[in-house]
Amino acid sequence: ADVSDSRSIISSYNESTTVIDVPMSARQGVVYGFIRPNPDHRFEAGQPVRIVIAPLHADAQDRLMDLSLEASLSEGDDRTLKAAVFSLAPATAAGAKPLLEKATLAAVLERLDALSREGRDVYLTVRPDPRLTLGAVRQLYGLLDAVQGDKGIRMEPAPPGHLHYSGFFPHEDWPDRSKRLGEPWELHVARRNGGVEATLIMPRENREGGSPVGFTEEKHPFASPEELARTLAEKSSRWAASVFIFAPSDLSYGELLDLVRPSFATHPEQYIFLDEKPR
């Protein structure tokens, strides 16, 4: 926390590099600037503070549930969410009996809600079927995120080889290049001639007299997912830590994963913009 931005010791939002995080789901874009110190309990500069950390519930181990949710498709052509069936099972107990098998998403949401009302703290790892479209995966994560919170489920980090669910919900201003922080890469993905084509771009801001006057697109060709990963690793500045992916919503999740998975090692922050173009 002393060397890594945002140099946070105690954070008012979920921050991976902080020492003490808030005990709730609190995305920076949602709470930053809105949660403020209580004026009746402000600390003076240099005032000693003692922090006592204790379990919120004495029966914490009995309340915790680590669950895995897997979405799968049949062999049909329908790759939308309505064609998927779901399995909900313990994530850490090998061979444990599933809570639900071949269930509808409605049944899964109902079971998760019932567990939350029982006072269980549910931590959920999600594995979408690679054949689902990106639009369907985004819809799935949106429905699960709607029941996430202090009295709902907690979404776990993405399992190895998958994109983090929050990457499907980038900030609404980020398609506008002038409103981004840092220098994120752009990966433009399209379907052509029965296959997938992608172009890697680094937008460079043009300035005249100290004022921005648009962007130049610096293209970096690559021939394979491995070469894409090498390019990102070798040509990224300290400000180019993330990748903005512009892709069609009917592209399959697996097709995108095959393209970007090798780059997770150096660029795990990847955000997906469906059916959009940068401006």
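Since we're looking at a predicted model, the values are computed, not measured.

**A closer look at the sheet that holds strand β1 (residues 64-72)**
Piece 1. Strands sit in the order β3-β2-β1-β4-β5 across an open sheet of five strands; the sheet is mixed. A strand with exactly one partner marks an edge of an open sheet, and here the two such strands are β3 (100-103) and β5 (154-155).
Piece 2. Sheet topology places β1 next to strand β4 (residues 121-127); seven bridges connect them, and they run parallel. When the sheet's bridge partners are listed, E70 is paired in β4 with R127.
Piece 3. Helix α3 (residues 105-117) contacts β1, β2 (85-90), β3 and β4 of the sheet and is inclined by roughly 150° relative to β3.
Piece 4. Across the sheet, helix α4 (residues 134-146) lies against β1, β2, β4 and β5, angled at about 175° from β4, the strand it touches most.

**Thoughts on the environment of D113**
Piece 1. Along the chain, D113 turns up in helix α3.
Piece 2. In sequence terms D113 and E172 are 59 residues apart; their C-alpha atoms lie 29 Å from each other.

**Description of helix α5 (residues 225-235)**
Piece 1. Within α5 the residues assigned to the buried category are L228, A229, T231 and L232. Projected down its long axis, α5 carries its buried residues within an arc of 160°, all on one side.
Piece 2. Where α5 is buried, its residues meet β6 (185-192), β7 (195-208), β9 (242-247) and α6 (253-260).

**Focus on the pairing of β9**
Piece 1. Taken across its six residues, β9 has six buried, putting it largely inside the fold.
Piece 2. Along β9, one buried face is formed by S242, F244 and F246 and the opposite face, lined by V243, I245 and A247, is buried too.
Piece 3. Across four bridges, the pairing between β6 and β9 is parallel. By the bridge assignment for β9, W185 is matched with V243.
Piece 4. In this fold, β9 hands off to α6, which returns the chain to strand β10 (residues 269-274); that crossover is right-handed.

**Here's the deal with the packing of aromatic side chains**
Piece 1. Using the criterion set out here, one finds eight aromatic pairs in the structure.
Piece 2. Measuring from centroid to centroid gives 5.6 Å for Y141 and F168, while their planes differ by 55°, and the two rings are tilted. Taken together, the positions of Y141 in helix α4 and F168 in the loop between β5 and β6 put the pair 27 residues apart, joining distant regions of the chain.
Piece 3. Their ring planes at 90° and their centres at 5.8 Å tell us that F244 and Y271 sit as a pair that is edge-to-face. Here F244 is found in strand β9, whereas its partner Y271 is found in strand β10, with 27 residues between them in sequence.
Piece 4. The exposure class of F244 is buried, given its relative accessible area of 3%.
Piece 5. Here Y271 falls in the buried class, since its relative accessible area comes to 17%.
Piece 6. Members of the aromatic cluster, joined through ring pairs, are W174, F244, F246, Y271 and F273.
Piece 7. A cation sits over an aromatic face here: R238 above W239, 4.4 Å from the ring centre.

**Some points on the packing of α3 against α4**
Piece 1. Relative orientation of the contacting elements α3 and α4 amounts to 25°, with a least axis distance of 11 Å. Viewed along their axes, α3 and α4 adopt a mutual orientation that is roughly parallel. As α3 runs across α4, the sense of the crossing is right-handed. Contacts from L105, L109 and L112 of α3 reach α4 at L140, L143 and L144.

**A look at α3**
Piece 1. End to end, α3 covers 18 Å across 13 residues, agreeing with the expected 18 Å (1.5 Å per residue, within 8%).
Piece 2. Of the residues making up α3, those classed as buried are L105, V108, L112, L115 and S116. Here the buried residues of α3 occupy an arc of 100° about the axis, which is enough to place them on one side. Every exposed residue of α3 that faces more than 90 degrees away from the buried side is listed here: A106, E110 and R117.
Piece 3. Here the buried face of α3 lies against β1, β2, β3, β4 and α4.
Piece 4. Directly beyond the C-terminal end of α3, a positive phi value near 90° is found at G119.

The rules behind these values
- Residues numbered from 1 in each chain as written.
- Predicted model: local features only at pLDDT ≥ 70, side-chain atom pairs only at ≥ 80, totals over all residues.
- Heavy atoms only, no water.
- Pairing = 2+ DSSP bridges.
- Helix = DSSP H or I, 4+ residues; strand = E, 2+ residues; numbered from the N terminus.
- Contact = heavy atoms within 4.5 Å.
- Axes fitted to C-alpha atoms, helices over the stretch in contact; angles between N-to-C directions.
- Buried < 20%, exposed > 50% of the residue type's maximum accessible area, 1.4 Å probe, protein only.
- Arc of directions from axis to C-beta.
- Right-handed = clockwise from strand over helix to strand, strands pointing away.
- Phe/Tyr/Trp six-rings, centres within 6.5 Å; stacked < 30°, edge-to-face > 60°.
- Lys NZ or Arg CZ within 6 Å of the ring centre and 35° of its normal.
- Parallel < 35°, antiparallel > 145°, perpendicular 65-115°, else oblique.
- Left-handed = near helix turned anticlockwise from the far one by under 90°.
- Expected span 1.5 Å × (residues − 1).

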